[in-house]
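Report on the structure
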Amino acid sequence: GAGVSQSPSNKVTEKGKDVELRCDPISGHTALYWYRQRLGQGLEFLIYFQGNSAPDKSGLPSDRFSAERTGESVSTLTIQRTQQEDSAVYLCASSRSTGADKGNQPQHFGDGTRLSIL
Amino acid sequence: AQKITQTQPGMFVQEKEAVTLDCTYDTSDPSYGLFWYKQPSSGEMIFLIYQGSYDQQNATEGRYSLNFQKARKSANLVISASQLGDSAMYFCAMREGRDNYGQNFVFGPGTRLSVLP
């Protein structure tokens, strides 16, 4: 498939466990974003990767959250010592960004990972 | 301060009528892009339409058009001839940045549109 792929699609885990969420962006997309969306709410920005530049981590809610991306490939979002408040859908998006681009490239979203903390 | 404001948490429209969803934004960057996304109850985010800050004409994509008023910093989405399948959450988003970097997206809180038969 040519779209953004996220895995797992659903994850149920006990409070206190660590979880790792995976995002495989569209090939050639240099920008990758993670968002959290709680039930009935809008998108909460978490972290943004742009090529090999230092990521923008300004949205990470606590030091229990971390994310990695190697180059322009797969990204993983890790949540340590999960809490019930972490229950949400975690959305990943990627977009193209070129020298001629003036910001007209939309984000393409994956289907998300629905995380439930018991 | 909120960068994207959507003042209508919920809207109702009769099938086949037009509806306008409001969006205002705040930026000091002369180069930016405005986007609208649709999120049906199934959860996927669907890109609808884009408007660039330097675009001279309002964007249109099928039944979707964007009423871009740069001086007022508003980018309202107009859906013509509403269909039952248009019922969803609609998010306005902005992308700032003059070059390749610093191009983060900011999303508004969303408007839930319900189309009535």
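Scoring rules and cut-offs
Residues numbered from 1 in each chain as written. Chains lettered and ligands numbered in written order. Predicted model: local features only at pLDDT ≥ 70, side-chain atom pairs only at ≥ 80, totals over all residues. Heavy atoms only, no water. Helix = DSSP H or I, 4+ residues; strand = E, 2+ residues; numbered from the N terminus. Rg over C-alpha atoms; globule rule 2.2 N^0.38 Å. Buried < 20%, exposed > 50% of the residue type's maximum accessible area, 1.4 Å probe, protein only. Contact = heavy atoms within 4.5 Å. Areas by Shrake-Rupley, 256 points an atom, 1.4 Å probe, with all protein chains shown as cover. Lys, Arg positive; Asp, Glu negative; His and termini not counted. Charge placed at Lys NZ, Arg CZ, Asp CG, Glu CD. Salt bridge = Lys/Arg side-chain N within 4 Å of Asp/Glu carboxyl O.

Our next topic: the overall build of chain A. Within chain A, the regular secondary structure consists of 0 helices and 10 strands. Rg of the C-alpha trace for chain A: 14 Å, near the compact-globule value of 13 Å for 118 residues, within the 12% margin. Viewed in the frame of its principal axes, chain A has a C-alpha envelope of about 45 × 30 × 25 Å. Expressed as a percentage of its 118 residues, the buried residues of chain A come to 48%. A sequence separation of at least 24 residues applies to 55% of the contacts in chain A between residues at least 6 apart. Accessible surface computed for chain A: about 5700 Å², of which carbon and sulfur atoms make up 42%. One way to put it: in chain A the 13 positive side-chain charges average out to a point 2 Å from where the 13 negative ones average out.

Residue and element names in this part refer to chain A. Along the polypeptide, S27 turns up in the loop between β3 (19-24) and β4 (31-37). S27 sits in the exposed class, given a relative accessible area of 71%. As a C-alpha pair, S27 and G3 span 24 residues in sequence and 8.7 Å in three-dimensional space.

Another aspect to go through is the pattern of salt bridges. Residues and elements named next belong to chain A. Under the definition given, this model contains 5 salt bridges over all chains. Residue R38 pairs with E44 through a salt bridge whose shortest N-O separation is 4.0 Å. We note a salt bridge from R64 to D86, for which the minimum N-O separation is 2.8 Å. Here D86 lies in the loop between β7 (75-79) and β8 (88-95) and R64 lies in the loop between β5 (44-50) and β6 (65-69), a separation of 22 residues in the sequence. Residues joined in a network through salt bridges with shared partners are R36, R38 and E44.

These figures come from the coordinates and say nothing about function on their own.
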